[in-house]
Amino acid sequence: MEINSILDVTPEMASDIRYLWDETNMTSAEIAQDVIRGHIGSVSISLDVVQDILGGAYEHEDHQN
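Residues numbered from 1 in each chain as written. Predicted model: local features only at pLDDT ≥ 70, side-chain atom pairs only at ≥ 80, totals over all residues. Heavy atoms only, no water.

Draft legend 1. How the structure looks around the environment of A32. Here A32 shows up in helix α2 (residues 28–37). For the pair A32 and S46, spaced 14 residues apart in sequence, the C-alpha to C-alpha distance is 6.7 Å. When residues no more than four places from it in sequence are discounted, the contact partners of A32 are I45, L47 and V50. (Helix = DSSP H or I, 4+ residues; strand = E, 2+ residues; numbered from the N terminus. Contact = heavy atoms within 4.5 Å.)

Draft legend 2. Summary view of the pattern of salt bridges. Tallying each qualifying case throughout the model produces one salt bridge. The shortest N-O distance in the salt bridge between R18 and D22 comes to 3.6 Å. Here D22 and R18 lie together in helix α1 (residues 11–23), a separation of four residues that amounts to about one turn. According to the relative accessible area criterion, D22 is partly exposed, its value standing at 46%. (Salt bridge = Lys/Arg side-chain N within 4 Å of Asp/Glu carboxyl O. Buried < 20%, exposed > 50% of the residue type's maximum accessible area, 1.4 Å probe, protein only.)

Draft legend 3. Here's a closer look at the packing of α1 against helix α3 (residues 47–54). At a minimum axis distance of 10 Å, the contact between α1 and α3 shows a crossing angle of 80°. Considering the angle they form, α1 stands roughly perpendicular to α3. Residues A14, I17, R18 and W21 of α1 touch α3, and the partners they reach there are V50, I53 and L54. Classifying every residue of the contact of α1 with α3 by side-chain character gives six nonpolar, no polar and one charged. (Axes fitted to C-alpha atoms, helices over the stretch in contact; angles between N-to-C directions. Parallel < 35°, antiparallel > 145°, perpendicular 65-115°, else oblique. Nonpolar A, V, L, I, M, F, W, Y, C, P; charged D, E, K, R; others polar.)

Structure follows, in structure tokens:
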């Protein structure tokens, strides 16, 4: 399954992505890769969609090692 629009994201997936953002130091790109690897689901998701889900919370500087 390929997700290219925020409209294709389930509430559960959005919640999981938001959880990863809030509780880890992962970047949005790393979260997108985590989704692709199947830790959330076996889907392909674009970085833009992950950033849309984060809805303004996205600050790259806040999530760098």
